[in-house]
Amino acid sequence: MEVLRQKNEPAPRGRLSYPNRVRLAVSLFYFGQGIAFASWASRIPDIKNTLHLSDAQLGSILLALPLGQLLTMPFSGRLVTRFGSEKVLTATVPLYALALTNLGLATSDWQLFLFLFLFGVVGNMCNISLNTQGVAAEKLFPKPIMTSFHGVWSIAGFSGALLGLLMINLGLTPYTHFWIIAMLSWLNVFLNFKFLAGGIDPAAQTRKKFLSKPEGMLVQLGIIGFCSMATEGAMFDWSGVYFREIIHAPSSLVVLGYASFMIMMATGRFIGDRLIDRFGRRRLMQTSGLVISAGMFISVFFPYIVPATAGFMLVGLGVSSIVPTVYSVAGKNAKVAPGMAIAMVSSVSYLGFLMGPPLIGYISALSNLQYSYAVIGCFGLLMCFMVGRIKAIN
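The structure presented is a predicted model; accordingly, all values stated were derived computationally and were not measured. (Residues numbered from 1 in each chain as written. Predicted model: local features only at pLDDT ≥ 70, side-chain atom pairs only at ≥ 80, totals over all residues. Heavy atoms only, no water.)

Draft legend 1. Representation of the overall build of the chain in the model. From N to C terminus, the chain includes 15 helices and zero strands. Whereas a compact globule of 394 residues would reach a radius of gyration of roughly 21 Å, the chain reaches 21 Å, a difference of no more than 12%. Across the 394 residues in the chain, those meeting the buried criterion constitute 53%. Of the contacts formed within the chain by residues at least 6 apart in sequence, a portion of 85% connects residues at least 24 apart. As presented, the chain carries roughly 17600 Å² of accessible surface, and 68% of it is formed by carbon and sulfur atoms. (Helix = DSSP H or I, 4+ residues; strand = E, 2+ residues; numbered from the N terminus. Rg over C-alpha atoms; globule rule 2.2 N^0.38 Å. Buried < 20%, exposed > 50% of the residue type's maximum accessible area, 1.4 Å probe, protein only. Contact = heavy atoms within 4.5 Å. Areas by Shrake-Rupley, 256 points an atom, 1.4 Å probe, with all protein chains shown as cover.)

Rendered as structure tokens:
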């Protein structure tokens, strides 16, 4: 478990205190991670056209990124546990930026698959070490701050999409665009790496192997994360289709569902810490599960623009605090080092992000898209039930 440097001396006038400087540094790393990923996502159509890929080919190639993330999770946890999250993060963020630039060099489908796989491998190391940093930074404060870090990531996603639009309008190639992001990322590391929450205590490290029998509490947290990320994946990939085919929204309003979901998810992450401080993690997570289900069922039983948009907003608000809170609780586990615990929970949670969208498609093929969303709505009820069984959530 990481040992945080304590500095009790007052900060000079005009400077941030040590805990606040750590929080700023970790927030900037979250922002850099989010804007790098959003930059890649914003140029997918350009790369698809350049490589003359069909929808089916692109869909298969895009699996390389989560495949790289999943295969790397056991090693990421071990690296963070052995060397400390601040060292792993400082080493892997520049590599992540470099892996991003490689995506702009792909001239064939197999090259894009390989580069995406590497992007996923390094990205997972960044994610595990970054969330471990988030847990470490949170320990410096008397109140929860974890959801605000994920809120910064959401804001970075919006910023990356807008920046991508600017780059496209300026006529810059994806390769040039990605190099601009890479240089900004390297500058961020150079300016902020020394302010990360640092140090590891070898005597406090857990010798538990990743592939040994996992802690029951971590498995349960992973199931909660699975349900939340399956819901997010369903909203990311199918909200536009739902508004077009079920809501019958005009083409100009097809993106309304996705936009309303994203806006409320970002908003919820910035107010989540206050709600946790006031009501506690258990009550917030159980309420979030009910809100997710209510939002989904509203959009299913009232398939019209106004109620469906309101329903999607509720879903975004509901999922906003689930994953950050799950990581925060996992990172405080007394039996497993933070990096290993977060990696374990992430391994189960991320399967939801992978399986959610295909599940929607399979159920829709058997019945229709409304029934698919109704099934996803049941995940919120399952989350509410699971949270009540975990004593560590308070």
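Anyway, onward from the coordinates.
Draft legend 2. Quick look at the pattern of salt bridges. Inspection of every chain in the model, using the stated rule, returns five salt bridges. A salt bridge links Arg281 to Glu138; the shortest N-O distance between them is 3.7 Å. Taken together, the residues span a long stretch of sequence, with Arg281 in helix 11 (residues 281-301) and Glu138 in helix 6 (residues 109-138) at a distance of 143 residues. With a relative accessible area of 4%, Glu138 lands in the buried category. Residues Asp277 and Lys143 are paired through a salt bridge, measuring 4.0 Å at the closest nitrogen-oxygen approach. (Salt bridge = Lys/Arg side-chain N within 4 Å of Asp/Glu carboxyl O.)

Draft legend 3. Seen up close, the nonpolar core. Counting 104 residues, the largest nonpolar core has Trp40, Leu112 and Leu221 as the members making the most contacts within it. Ranked by residue count, the leading element in this core is helix 9 (residues 216-245), at twelve residues. Those residues in contact with Leu221 that lie beyond four places of it in its chain are Val326, Val329, Ala330, Val345, Ser349, Ile390 and Ile393. (Core = buried A, V, L, I, M, F, W, Y, C linked by side-chain atoms within 4.5 Å.)

Draft legend 4. Up close: the packing of helix 6 against helix 13 (residues 322-331). The N-to-C vectors of helix 6 and helix 13 enclose an angle of 70 degrees; their axes lie 9 Å apart at closest approach. With respect to helix 13, the element helix 6 is oriented roughly perpendicular. Each of Asn131, Val135 and Glu138 in helix 6 lies in contact with helix 13, whose residues at this interface are Tyr327, Ser328 and Gly331. (Axes fitted to C-alpha atoms, helices over the stretch in contact; angles between N-to-C directions. Parallel < 35°, antiparallel > 145°, perpendicular 65-115°, else oblique.)

Draft legend 5. Here's a closer look at the confidence of the model for the chain. For the chain, the average pLDDT comes to 86, and 92% of its residues sit at 70 or higher. Below a pLDDT of 50 lies the segment residues 1-9, which in the model reaches 34 contacts outside its immediate sequence neighbourhood of four places, other chains included. Segment residues 200-208: pLDDT under 50, and 21 contacts once partners within four positions in sequence are set aside and those in other chains are kept. (pLDDT = per-residue confidence, 0-100.)

Draft legend 6. Structural detail: the environment of Leu105. Mapped onto the elements of the fold, Leu105 is located in the loop between helix 5 (85-103) and helix 6. Since its relative accessible area comes to 41%, Leu105 is described here as partly exposed. Sequence spacing of Leu105 and Pro174 is 69 residues, and the spatial spacing of their C-alpha atoms is 8.6 Å. If we skip the residues at most four places from it in the chain, Leu105 touches Gln111, Phe115 and Tyr175.

Draft legend 7. Looking closely at helix 10 (residues 256-279). Of all the bends in helix 10, the greatest measures close to 45 degrees and is centred on Ile271. Residues of helix 10 that are buried include every one of Gly257, Ser260, Phe261, Met262, Met264, Met265, Ala266, Gly268, Arg269, Gly272, Asp273 and Ile276, and no others. Packing partners of the buried residues in helix 10 comprise helix 7 (146-169), helix 9, helix 11, helix 12 (305-319) and helix 13. Downstream of helix 10 by a residue or two, Gly280 has a phi angle that is positive, lying close to 95 degrees. (Bend = angle between axes of the 7 residues up to and from the residue.)

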